[in-house]
Amino acid sequence: MSGPELAGFLLPLGVSALRQATPLVLAGLGGICSERVGIVNIALEGMMLAGAFSGLAAGRLAGPLVGVLAAVTVGMLVGLTHLWATRKLRLNHIVSGVAINLLALHSTTFLLRRLFSQADPPVEARIETMLPTALFTGLALALAVIFHLVLYHTPLGLRVRAVGESEASTRMAGVDTARVKMVGLAASGVLAGLAGAYLSLAQVGRFSDDMVSGRGFIALAAVVCGRWTPLGMAAAALAFGAFDALQFQLQGSVALPGELLRSIPYIATVVAAMALQPRPPADLGRQEE
Amino acid sequence: MILRRLAPAVQPLLSVVGAFVIAGVVVWACGGSPLEALTALVQGSCGSSTGLLRTLSKATPLLLSGLAVAVALRAGLFNIGAEGQLILGALAAAWAGHAFTGLPAWIHIPVCLAAGVFVGALWAAIPGALRAWRGSHEVIVTIMLNYLAIQLAHFLVNGAMKDPVSMAPATSMVEPSARLWAAADGSNFSAGFGLAVLAAVGVAVLLRHTALGFEIRAVGLGADAARVAGVNVGRTMISAMAISGGLAGLAGAIEVLGVHRRYLDAFSPGYGFDSIAVALLGGGGALGVTLSSLLFGGLSAGATHMEAWTHVPRQIAGIVQGVVIFSAGARYLKGRRR
């Protein structure tokens, strides 16, 4: 391959990788916000789906920027529901996450049919004006750096990390841990909702059934592989995005089966979970007595 | 006395009623008639003999995968991976169903079922072993193995295991000797339902009357205490996950041998995920899981009928399921550390 040819292959690949990685970085930051304050979050998928749907629904009525606002608001509400279920209803974190994912999937498909179209299948809703993807990509990467600085170089970050390691001792030290958790879960929902809005308002400009299709779980995988750190997570998400982009580019050529490239995030995560090195926050998943 | 025996059923019943009320409000808010929708739902699930059989056929995979989740829960493990185990179990049964020819049915069917159980058990033993040996969290691992199973099955039925004479991403049809008896009225009811009920009895016996069942429950109540009492906690966790995966694999095998007659890519509408609702509502016991699988089976069978007659989208059944998990799940697994 000559120089220009190689550039012609790599440049679109890099752009496509960034586009694929953007929702993973945003949702992954949401996962970090939640898990760092001790709440296990397998509900990223449902939060993204709720954000994607509400973003598109509001975007059709009042323009894409209002759509983004609606997506982050709904995402935040879902995040706070997760907190309420685990803290007040004392639900196991996994159970609450499963319920949120199920409710988000079925209520968005239900509402899509009820509000936009009766046809079945194919069912989808579209929007005319889309937002530039680069806006979200830049925001996602900037947020990853900002989160790193906040988490490791500010008093707030210290509190967040302390709550995740041991809520009881942090409370003893005089920190309002309930509020830290509330901020964490609200931020988690906002970021996952934003990731959903990216998918429906910037990347494809429509909403269709189950359109998040597992990206929430890949974002969770990036959190685990990145050892619960913003920069590590972002690196993992970029790598997963690159594999995804590579799979699109190689489609049709017989060099590698697409399924293998698509499986890399899952295999990497199982290996990371096996290596035990990515130690989760010590208080993760603990229920207050 | 009778009241005391009925007491454990009160909360699950309340959560089901509550979920139906919420779903009714949703239907009403979207301009439908909740009463009409409910009537059509009941009509579709138990208003005719075909409807009843359809309810039982929908309940079959839910019962088996619900038992799978329940057995793992009793050991304190969360098997979110029933979907992946079910998919690979189905694929193994489909392979055994067309690869062996000339066998009599009484040998061929058990061989296919055993293949499904074995592969499902093996796939579930991976997170069990990683949890026991490395302390890896089984929820993360089972979620990833679900997606891995989906990709693997997709790869195989589009390549090495693809039916050479068909365009569809599917394996060849299984031999007639590997097919379970099925009703001819379009309800998809098959002898698989009987097998699922047998499995439920087996799980009840396992948990109550065997040493392994006792160890599983002991580990679920407290791994440290069980270890002090002399239980091999790691081995028990792996066994519980393997049994769990075997049940999910059996669910997949029965779907292939009784309903589809071959492995069709993406055939499962998420039985493995619905099974979590089934197990939580059923309270982790075999009888409770059986009853809740019948409820969700009826819901699923009736929802299609309801959609056709009242134009209320059938996804309302999924909303009921989600609400049930919220309200019924509140009883389980409080405060488990990951």
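Each remark here, short or long, concerns the structure printed above.
Everything in this summary refers to the structure shown in the same document. In this text, all values refer to a predicted model and were calculated from it rather than measured experimentally.

1. A few points about the overall build of chain B
Here comes step 1: Of regular secondary structure, chain B possesses 13 helices and zero strands.
Here comes step 2: Along chain B, helices and strands appear, N-terminal first, in the series α-α-α-α-α-α-α-α-α-α-α-α-α.
Here comes step 3: Relative to the globule expectation of 20 Å for 338 residues, the C-alpha radius of gyration of chain B, 20 Å, shows essentially globular dimensions.
Here comes step 4: In chain B, once contacts between residues fewer than 6 apart in sequence are set aside, the share between residues at least 24 apart is 76%.
Here comes step 5: Seen as two clouds, the 21 positive and the 12 negative side-chain charges of chain B have centres 12 Å apart.

2. Focus: the pattern of salt bridges
Between side chains of opposite charge, a pair can form when the charged atoms approach closely.
Here comes step 1: With the rule as written, the count across this model stands at seven salt bridges over all chains.
Here comes step 2: The salt bridge involving Glu138 of chain B is made with Arg131 of chain B; its shortest N-O contact spans 2.7 Å.
Here comes step 3: On the basis of relative accessible area, Arg131 of chain B is assigned to the partly exposed category, the value being 21%.
Here comes step 4: The partner of Asp224 of chain B in a salt bridge is Arg227 of chain B, with the nearest N and O atoms 3.3 Å apart. Residue Asp224 of chain B and its partner Arg227 of chain B are both found in helix α9 (residues 223-228); the two are separated by three residues, about one turn of the helix.
Here comes step 5: Given the relative accessible area of 48%, Arg227 of chain B is considered partly exposed.
Here comes step 6: Within the structure, one salt-bridge network assembled from shared partners comprises Arg87, Glu167, Arg171 and Lys181 of chain A.

3. Some details on helix α12 (residues 286-310) of chain B
Think of an α-helix as 3.6 residues a turn; residues three or four steps apart then line up on the same face.
Here comes step 1: Counted at 1.5 Å a residue, the expected span for α12 of chain B with its 25 residues is 36 Å, and the 35 Å between its end C-alpha atoms agrees.
Here comes step 2: Positive backbone phi, approximately 60°, marks His311 of chain B, located one or two places after α12 of chain B.

4. Quick look at the environment of Ala226 of chain B
Residues and elements named next belong to chain B.
Here comes step 1: Mapping Ala226 onto the fold places it in helix α9.
Here comes step 2: Separated by 19 residues in the primary sequence, Ala226 and Leu207 place their C-alpha atoms 16 Å from one another.
Here comes step 3: What Ala226 contacts, discounting residues up to four positions off in sequence, is Ala218, Val219, Val231 and Val233.

5. What to know about the packing of aromatic side chains
Here comes step 1: The full count for this structure, using the stated rule, is eight aromatic pairs over all chains.
Here comes step 2: Relative to Phe100 of chain B, the ring of Trp95 of chain B lies with its centre 5.7 Å away and its plane at 70°, an arrangement referred to as edge-to-face.
Here comes step 3: We classify Trp95 of chain B as partly exposed; its relative accessible area is 43%.
Here comes step 4: When its relative accessible area of 34% is taken as the criterion, Phe100 of chain B is described as partly exposed.
Here comes step 5: Seen from their ring centres, Tyr263 of chain B and Phe267 of chain B are 5.4 Å apart, and the 80° between their planes marks the pair as edge-to-face.
Here comes step 6: Among the aromatic side chains, those forming a connected cluster through ring pairs are Phe217 and Tyr266 of chain A together with Tyr147 of chain B.

6. A few points about the environment of Ala286 of chain B
All names here are of chain B.
Here comes step 1: Tracing the backbone shows Ala286 in helix α12.
Here comes step 2: Taking C-alpha positions, Ala286 is 22 Å from Val320, a pair spaced 34 residues apart along the chain.
Here comes step 3: Ignoring any residue separated from it by four or fewer positions in sequence, one finds Ala286 in contact with Leu67, Ala200 and Ala204.

Rules behind the numbers
- Residues numbered from 1 in each chain as written.
- Chains lettered and ligands numbered in written order.
- Predicted model: local features only at pLDDT ≥ 70, side-chain atom pairs only at ≥ 80, totals over all residues.
- Heavy atoms only, no water.
- Helix = DSSP H or I, 4+ residues; strand = E, 2+ residues; numbered from the N terminus.
- Rg over C-alpha atoms; globule rule 2.2 N^0.38 Å.
- Contact = heavy atoms within 4.5 Å.
- Lys, Arg positive; Asp, Glu negative; His and termini not counted.
- Charge placed at Lys NZ, Arg CZ, Asp CG, Glu CD.
- Salt bridge = Lys/Arg side-chain N within 4 Å of Asp/Glu carboxyl O.
- Buried < 20%, exposed > 50% of the residue type's maximum accessible area, 1.4 Å probe, protein only.
- Expected span 1.5 Å × (residues − 1).
- Phe/Tyr/Trp six-rings, centres within 6.5 Å; stacked < 30°, edge-to-face > 60°.

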